Amino acid sequence: MNHAAVTYELIKTDKKTGARLGKLHTPHGTFDTPMFMPVGTQATVKTMSPEELKEMGAGVILSNTYHLWLRPGEQIVEEAGGLHKFMNWDQGILTDSGGFQVFSLSKLRDISEEGVHFRNHLNGEKLFLSPEKSIAIQNALGSDIMMAFDECPPFDSSFDYMKTSVERTSRWAERCLASNIHPERQALFGIVQGGGIKELREQSARDLTSLDFPGYAIGGLSVGEPKEKMNEMLSYTTPLLPSNKPRYLMGVGSPDSLIDGAIRGIDMFDCVLPTRIARNGTCMTEHGRLVIRNAKYAHDFGPIDASCDCKVCRNYSRAYIRHLVKANETFGFRLTTYHNLYFLIKLMKRVRAAIREDRLLEFRESFFDSYGFNKPDAKNF
């Protein structure tokens, strides 16, 4: 391993697709890719303990710079010895830059070359976030992988707006790199933007790869555009990124998109989807999604998913979990969350096995059939 905080080791490429089997080396362990990373916005994956995450095979988890800056404040996390100690997680942590939250949570915001002025979504106070500030917060949090501060413009922004935004994001990326005071233990990834415009994706990728980041993310996808469009942009953008660095597709977590992303050469994925839908009582199963609240499960004493070997499916029935969720019992949400995260982590294990044996396209076909993605009225997840 070289002196960089995070490196990527390519082990094998699938013969029929761009899918890569690899290893991500970080200061807190080495993890197999392609991988799904559970999201722990406020230094916790909602309802899960770090011990449970480890038990289900999670490797790297995400935390959110914006939310931790507002509370408890990065100084408290730093005082605790960094995020790993603060939350008792001794494996990989990736922090986002806070940019996405500023743009999605704040109604009132003003973007300038310096950074973004906006209002705290909790109490309305005026705040300012810049590339330097974002990196300073992430340095204090002590994550293994930090993300550059960028703007994530709406997918359908005009060419002119998108071009201005991409160019500013590139300038901000340079400022982020210059601000990282711990490059030897915290890797900074650049984020390729450009919406659905190939020419701008290419410009963004060219700008960022010239800065030689330890890894690259593709941002601004899975923001409401059709799946076909997302796959088209991925097929176009991923080959523009260096093959010896990790590639991360931000905010993607539906099973079909994880497989389609891996096929197009993506190594890392994250999304709140499995935990968020779990709290609505929606479970991912081998045969599609199952809404546990539905009355038909009231007398169903079988597991959520008969083909799943997680501890929830081994020990608890649909009828019991339905009762808990209907009664708004926290334990019910813990069980559905555990199952969904386990399902996606295991899915990525199966994807890796398929890449190893050059049968990812066949795996995609059989999984899509079983899950229901091939039906004409297929839902997103």
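In this text, all values refer to a predicted model and were calculated from it rather than measured experimentally.

## Quick word on the UniProt feature "binding site: substrate" (unreviewed entry) in the chain
This chain's UniProt record puts "binding site: substrate" (unreviewed entry) on Asp96, Ser97, Gly98, Gly99, Phe100, Asp150, Gln193 and Gly220. Mapped onto the elements of the fold, serine 97 is located in the loop between β6 (92–95) and α5 (99–105). Using a relative accessible area of 4% as the deciding quantity, one classes serine 97 as buried. Apart from the residues lying within four places of it in its own chain, the contact partners of serine 97 are Thr65, Leu129, Ser134, Gln138, Met147, Ala148, Phe149 and Asp150. There is a polar contact of 3.1 Å between the side chain of serine 97 and the backbone nitrogen of glycine 99. Along the polypeptide, glycine 98 turns up in the loop between β6 and α5. Excluding residues that lie within four positions of it along the chain, glycine 98 makes contacts with Thr65, Tyr66, Leu129 and Phe149.

## Let's talk about the state of the cysteines
Taken as a whole and judged by the stated rule, the model has zero disulfides. No disulfide involves cysteine 152; its sulfur sits 13 Å from the nearest other cysteine sulfur, which is in cysteine 271. Using a relative accessible area of 17% as the deciding quantity, one classes cysteine 152 as buried. Summary of cysteine pairing: cysteine 308 is not part of a disulfide, and the nearest cysteine sulfur, belonging to cysteine 310, is at 3.6 Å.

## Overview of the nonpolar core
Among the nonpolar cores identified, the biggest contains 89 residues, and Leu53 and Phe367 are the most heavily contacted of them. In terms of residues, this core owes the most to one element, helix α14 (residues 330–356), which gives 13 residues. Apart from residues no more than four positions distant in its own chain, phenylalanine 367 is found in contact with Pro255, Ile259, Glu286, Phe343, Leu347, Arg350 and Phe373. Listed in part, the 19 residues of the second largest apolar core include Phe31, Leu62, Met147 and Ala187.

## A closer look at the pairing of strand β8 (residues 116–119)
Side chains Val116 and Phe118 project from β8 onto a buried face, and the interleaved His117 and Arg119 project onto a face without burial. With three bridges joining them, strand β7 (residues 109–111) and β8 adopt antiparallel strand pairing. Across the sheet, the residue bridging to isoleucine 111 is valine 116, located in β8. Between β7 and the antiparallel strand that follows it, β8, lie four residues. Remark: six residues form the turn of the hairpin made by β8 and strand β9 (residues 126–129), two consecutive strands paired antiparallel; glycine 124 in that turn has positive phi of roughly 80°.

## Some words on the sheet that holds strand β3 (residues 29–33)
Note: strands within a sheet are paired through backbone hydrogen bonds, in either parallel or antiparallel orientation. Across the sheet, which stays open at both edges, the three strands sit in the order β1-β2-β3 with antiparallel pairing between neighbours. Among the strands making up the open sheet, the edge pair consists of β1 (7–13) and β3. The mean angle between the axes of side-by-side strands here comes to 20°, regardless of whether they run parallel or antiparallel. Note that β1 and strand β2 (residues 20–26) share six bridges and pair antiparallel. Looking at the pairing, threonine 7 lines up with histidine 25 of β2. On top of the sheet, α14 reaches β1, β2 and β3; it is set at about 125° to β2, its chief contact.

## Comments concerning the pattern of salt bridges
Within this structure, the stated rule accounts for 26 salt bridges. Linking lysine 311 and glutamate 55 is a salt bridge whose minimum nitrogen-to-oxygen distance equals 2.9 Å. Taken as a pair, lysine 311 in helix α12 (residues 311–315) and glutamate 55 in helix α1 (residues 50–55) lie far apart in primary sequence, 256 residues in all. Looking at glutamate 55, the relative accessible area reads 49%, which means it is partly exposed.

## Some points on the packing of helix α6 (residues 131–141) against helix α7 (residues 159–179)
Taken N-terminus to C-terminus, the directions of α6 and α7 make an angle of 40°; their axes are 8 Å apart at the nearest point. As far as their axial angle goes, α7 and α6 are oblique. The crossing of α6 and α7 is right-handed. Listed contacts from α7 to Pro131, Glu132, Ile135 and Asn139 of α6 are Trp172, Arg175, Cys176 and Ser179. Split into classes, the residues belonging to the contact of α6 with α7 amount to four nonpolar, two polar and two charged.

Cut-offs applied
Residues numbered from 1 in each chain as written. Predicted model: local features only at pLDDT ≥ 70, side-chain atom pairs only at ≥ 80, totals over all residues. Heavy atoms only, no water. UniProt positions renumbered as here; feature names shortened; annotations may be inferred. Helix = DSSP H or I, 4+ residues; strand = E, 2+ residues; numbered from the N terminus. Buried < 20%, exposed > 50% of the residue type's maximum accessible area, 1.4 Å probe, protein only. Contact = heavy atoms within 4.5 Å. Polar contact = N/O pair within 3.5 Å; in protein donor to acceptor, adjacent residues only side chain to side chain. Disulfide = S-S within 2.5 Å. Core = buried A, V, L, I, M, F, W, Y, C linked by side-chain atoms within 4.5 Å. Pairing = 2+ DSSP bridges. Axes fitted to C-alpha atoms, helices over the stretch in contact; angles between N-to-C directions. Salt bridge = Lys/Arg side-chain N within 4 Å of Asp/Glu carboxyl O. Parallel < 35°, antiparallel > 145°, perpendicular 65-115°, else oblique. Left-handed = near helix turned anticlockwise from the far one by under 90°. Nonpolar A, V, L, I, M, F, W, Y, C, P; charged D, E, K, R; others polar.

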